[in-house]
Amino acid sequence: MMQDLKHITCIEDMRRVYRRRVPKMFVDYVDSGSYTELTYRHNESDFQKILLRQKVLQDISCRSLHSTMLGEAVSMPVALAPTGLAGMQHADGEMLAAKAAAEFGVPYIVSTMSVCALEEVAFYAPQRPLWFQLYMMKDRAFMQRLIERAKRAACSALVLTADLQIMGQRHKDIKNGLSTPPKPTVKTILNLLTKPRWCYYMSQTKRHQLGNIVGHVEGVSDTRSLSAWAGEQFDPKLSWDDVAWVKAQWGDKLIIKGIMDVEDAQAAVACGADAIVVSNHGGRQLDGAPSSIQVLPEIVAAVGQDIEVWLDGGIRSGQDVFKALALGAQGVLIGRAYNYGLGAYGEDGVRRVLEIIAKEMDTTMALCGKTKVSQVDDSVLYRSIII
């Protein structure tokens, strides 16, 4: 495996291996968007329109990517985004990804829709920072229990996802019959026969359900009851008043993910959030919305002095991270990129993705004449061209 990883020099290399090794329904779950997938595609392609200013004959001998996110030291300003069903990309996926992130020195965010339970992830990767992502549901008693579990697991921040009151239609998930574990249809079985590595590792674990939900909600004990419960739980009445309720329950650092509008960013500041994530849910919700990087500068201009602003969506390289910082982000989240590594090579794959991003970011910073993350601003952009 380590020999194979030497030939993985960019995220696209990892993606190609990932698509060969992971069952189609879980590849499509990660590597697609809603409806026409226009926003999903623009999240990535809009980074290519941002040009950088090359600088020469600068002293770049002492460089560092070290930074902070919400006051916590990180080896680079990158966190692993909360992604549902990571434990279906690779057996025990959330545990493996969290361990790789902790050892590398970046935050891992455990999803509500994690296959591995929060407590298992916290035990397997005791290093910090470890954060927990919360989907607000109608069952507020369950929400309270989830928040308390995050406290007991020593999570240092809570990430409230605000853009999933109603789910955007993802055609591929419907056509594939997405479920965890996969339903044994003829189509699924034939595809699984071509993924022996995935099947072997999955056969070695007992974790095949959503570990934060199954066994923690009355009446939810299997896939069928889970699907019925989840279909009724996303709350279309969710409002900023509910954010205040979450903050009161949590009592610690709160991050709001899913901000794409200046007024919403200002509302997040007003409700006492500690950070916001400019994110369109990876193009999986409102298709036809702008890319995350396109709206980042206006949100930073409106609230960047009052709150930490991070970016999520479309990051496929360390150079993309650098461009987001140049446009005012203080950090980024990566989701698809680390899932490619996880599905392709497990823990080692996640670690390799982080290594690639760090190396690319360091090289780009050097060639733009900068030596510290704190020095990166729009002066590194060619004629300040932004999309």
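Whatever comes next refers back to the structure up there.
Given the structure is predicted, the values throughout are model-derived calculations rather than measurements. (Residues numbered from 1 in each chain as written. Predicted model: local features only at pLDDT ≥ 70, side-chain atom pairs only at ≥ 80, totals over all residues. Heavy atoms only, no water.)

### Some words on helix H15 (residues 292-303)
For an α-helix, 3.6 residues make a turn, and residues three or four places apart therefore share a direction. With twelve residues, H15 extends 16 Å between its outermost C-alpha atoms, agreeing within 8% with the 16 Å of an ideal straight helix rising 1.5 Å per residue. For H15, the set of buried residues is Ser292, Ile293, Val295, Leu296, Pro297, Ile299, Val300 and Val303. Lining the buried residues of H15 we find helix H4 (38-45), strand E7 (253-259), helix H14 (262-270), strand E8 (275-278), strand E9 (308-312) and helix H16 (318-326). (Helix = DSSP H or I, 4+ residues; strand = E, 2+ residues; numbered from the N terminus. Expected span 1.5 Å × (residues − 1). Buried < 20%, exposed > 50% of the residue type's maximum accessible area, 1.4 Å probe, protein only. Contact = heavy atoms within 4.5 Å.)

### A look at the pairing of strand E5 (residues 130-135)
Most of E5 sits inside the fold, with six of its six residues counted as buried. Where burial is concerned, the two faces of E5 agree: the one with Leu130, Phe132 and Leu134 and the one with Trp131, Gln133 and Tyr135 are both buried. As defined by bridge partners, strand E4 (residues 108-110) adjoins E5 across three bridges and the pair is classed as parallel. Bridged to isoleucine 109 within E5 is tryptophan 131. Once you follow E4 into helix H7 (residues 118-124) and on to E5, the crossover reads as right-handed. Handedness of the E5-helix H8 (residues 140-152)-strand E6 (residues 157-161) crossover: right-handed. (Pairing = 2+ DSSP bridges. Right-handed = clockwise from strand over helix to strand, strands pointing away.)

### With respect to the side chain of glutamate 72
Tracing the backbone through its elements, the reader meets glutamate 72 in strand E2 (residues 72-74). Here glutamate 72 is buried and forms no salt bridge, its nearest opposite-charge partner lysine 253 lying at an N-O distance of 4.6 Å. Excluding anything up to four places from it in sequence, glutamate 72 contacts Ser67, Pro129, Trp131, Ser156 and Lys253. (Lys, Arg positive; Asp, Glu negative; His and termini not counted. Salt bridge = Lys/Arg side-chain N within 4 Å of Asp/Glu carboxyl O.)

### A closer look at the packing of H8 against helix H13 (residues 240-250)
Any two packed helices are characterised by the angle at which their axes cross and by the distance between the axes. At a minimum axis separation of 10 Å, H8 and H13 run at an interaxial angle of 40°. By the angle between their directions, the pair H8 and H13 is classed as oblique. Regarding H8 and H13, the two cross each other, and that crossing is right-handed. Facing H8, whose interface residues are Arg140, Met143, Gln144, Ile147, Glu148, Ala150 and Lys151, H13 presents Asp242, Trp245, Val246, Gln249 and Trp250. Counted by class, the contact of H8 with H13 contains six nonpolar, two polar and four charged residues. (Axes fitted to C-alpha atoms, helices over the stretch in contact; angles between N-to-C directions. Parallel < 35°, antiparallel > 145°, perpendicular 65-115°, else oblique. Left-handed = near helix turned anticlockwise from the far one by under 90°. Nonpolar A, V, L, I, M, F, W, Y, C, P; charged D, E, K, R; others polar.)

### Focus on the pattern of salt bridges
Summed over all chains, the structure comprises 24 salt bridges. A salt bridge links glutamate 12 to arginine 16; its shortest N-O distance comes to 3.8 Å. Of this pair, glutamate 12 and arginine 16 are both found in helix H2 (residues 11-21), four residues apart, which corresponds to roughly one turn of the helix. Residue classification places glutamate 12 among the partly exposed residues on the basis of a relative accessible area of 34%.

### Concerning the environment of arginine 170
Checked against the element boundaries, arginine 170 lands in the loop between E6 and helix H9 (171-176). Arginine 170 gets classed as buried once you look at its relative accessible area, which sits at 8%. Measuring from C-alpha to C-alpha, the distance between arginine 170 and serine 34 comes to 4.3 Å, with 136 residues separating the pair along the chain. Discounting chain neighbours no more than four positions away, the residues touching arginine 170 are Gly33, Ser34, Leu164, His281, Arg284 and Gln285. A polar contact of 3.1 Å, which involves the side chain of arginine 170, links it to the backbone oxygen of arginine 284. (Polar contact = N/O pair within 3.5 Å; in protein donor to acceptor, adjacent residues only side chain to side chain.)

All quantities given are derived from atomic positions and should not be read as evidence of function.
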